[in-house]
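# Structure assessment
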Amino acid sequence: MNFLEQMKNRYTVKKYNPQGKVTEQQVAELKQILNLSPSSINSQPWNFIFVNDPELKQQLGDKSYFNKEKVLESNYIIVFQVIKDIENFEKQIEENLPEGAVNYYRTMVKPKGEEAVKSWLRHQVYLSLGVLLSACAAMGIDSTPMEGIEPDGYDAVLNNEKYETLFAVAIGERDETDANQPKFNPKKRLNAEKVIVEA
């Protein structure tokens, strides 16, 4: 199956098979793929936390509103976090990036102010979400991106001092009865002519 067909089959899973299994090899590949995610100036202001411990999943599930069942029944929850402190971020890029990249940040991003910098950092993390969802589709892993969580609650559970939660993704194997599957609930998208424009 080519990538276009895989993307046609990909959808947001609403019900997981608790007996489904994402292999250790697949998880190792997803970790490497996330580590290769693109970001502006290669800024990488993120952490990706892979959670499969049942007790931790239960605690995160309690902070996941209507997504609780997905958290509990999927194989893994991947929590996407962004660096909290701008000074820590600046230290990181000064230690790891070439002078030109650091200068771009100093002249084009930082002068816009703290809120704009934080927004820019969050945007970088969202780029990695697209990479993960595409990788899952290509690997035949089902997934559910979830903004319907309590980020502060996740932070309290995970206690990752330098980073804060933005969103999470459940991965695993769909339940055969999941009503959101394309065969039961066909995908609805705007006509390509409305969103794909040639100039």
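Before reading on, note that the structure itself is shown above.
Below, the structure is looked at part by part. (Residues numbered from 1 in each chain as written. Predicted model: local features only at pLDDT ≥ 70, side-chain atom pairs only at ≥ 80, totals over all residues. Heavy atoms only, no water.)

Let us look at the overall build of the protein. The helix and strand tally for the protein stands at 9 helices and 4 strands. Along the protein, from the amino end to the carboxyl end, the secondary structure elements read α-α-β-α-α-β-α-α-α-β-α-β-α. The C-alpha radius of gyration of the protein comes to 18 Å, within 12% of the 16 Å expected for a compact globule of 199 residues. Dimensions along the principal axes, computed over C-alpha positions, put the protein at roughly 50 × 50 × 30 Å. The burial tally for the protein puts 44% of its 199 residues in the buried class. Summarising the internal contacts of the protein: among those between residues at least 6 apart in sequence, 79% fall at separations of at least 24. With an accessible surface of roughly 11500 Å², the protein has 49% of that area assigned to carbon and sulfur atoms. (Helix = DSSP H or I, 4+ residues; strand = E, 2+ residues; numbered from the N terminus. Rg over C-alpha atoms; globule rule 2.2 N^0.38 Å. Buried < 20%, exposed > 50% of the residue type's maximum accessible area, 1.4 Å probe, protein only. Contact = heavy atoms within 4.5 Å. Areas by Shrake-Rupley, 256 points an atom, 1.4 Å probe, with all protein chains shown as cover.)

Going through the model one piece at a time under the given rule, you end up with 8 salt bridges. Here D142 makes a salt bridge to R174, at a shortest N to O gap of 2.8 Å. Here D142 is found in strand 3 (residues 142–146), whereas its partner R174 is found in the loop between strand 4 (163–172) and helix 9 (192–195), with 32 residues between them in sequence. For D142, a relative accessible area of 11% gives the class buried. Bridged by salt links that share partners, the residues K15, E69 and E73 form one connected network. (Salt bridge = Lys/Arg side-chain N within 4 Å of Asp/Glu carboxyl O.)

Its location among the elements puts Q92 in helix 5 (residues 86–96). Separated by 23 residues in sequence, Q92 and E69 have C-alpha atoms that sit 37 Å apart. Leave out the neighbours within four places in its chain, and Q92 touches S43, Q44, P45, I83 and Y163.

Counted according to the given criterion, the structure contains 8 aromatic pairs. An angle of 25° between the planes, with centres 4.7 Å apart, marks the rings of F80 and F167 as stacked. Linking F80 in strand 2 (residues 76–83) with F167 in strand 4, this pair joins segments that are 87 residues apart in sequence. By relative accessible area, which is 0% here, F80 ends up buried. Ring centres 6.0 Å apart and planes at 40° place the aromatic pair Y105 and W120 in the tilted group. Here the residue Y105 occupies a position in helix 6 (residues 99–109), and W120 occupies one in helix 7 (residues 114–139), the gap between them amounting to 15 residues. Residue Y105 shares its accessibility class with W120, and that shared class is buried. Put simply, the rings of W46, F48, F80, Y126 and F167 pair up and form one aromatic cluster. Cation over ring: K31 sits above F50, and NZ or CZ is 5.3 Å from the ring centre. (Phe/Tyr/Trp six-rings, centres within 6.5 Å; stacked < 30°, edge-to-face > 60°. Lys NZ or Arg CZ within 6 Å of the ring centre and 35° of its normal.)

The next point concerns the layout of surface pockets. What the largest pocket holds in volume is close to 150 Å³. Sorting the residues of the lining of the largest pocket by element identifies helix 1 (3–9), helix 7 and strand 3 as the ones contributing at least two each. In terms of residue count, helix 7 provides more of the lining of the largest pocket than any other element does, 4 residues in total. Among the residues forming the lining of the largest pocket, the class breakdown is 7 nonpolar, 4 polar and 3 charged. (1 Å grid on protein atoms, 1.4 Å probe; cavity = no way out; pocket = protein on both sides within 12 Å on 5 of 7 lines; lining within 4 Å. Points joined across faces, edges and corners; volume = space filled by probe spheres on them. Nonpolar A, V, L, I, M, F, W, Y, C, P; charged D, E, K, R; others polar.)

This part covers a nonpolar patch on the surface. On the surface, L190, V195 and I196 cluster together into a nonpolar patch covering about 330 Å² of accessible area. Assignment of secondary structure puts I196 in the segment after helix 9. We classify I196 as exposed; its relative accessible area is 60%. (Patch = residues over 30% accessible without salt bridge, like charges linked within 9 Å, V, L, I, M, F, W, Y side chains within 5 Å.)

Counting residues in hydrophobic clusters, the biggest one holds 36 residues, and the most contacted among them are L30, F50, I78, F80, Y105, L132 and I171. In terms of residue count, helix 7 provides more of this core than any other element does, 9 residues in total. Judged by nonpolar contacts, the second largest core, of 16 residues, contains V51, V79, L158 and A168. (Core = buried A, V, L, I, M, F, W, Y, C linked by side-chain atoms within 4.5 Å.)

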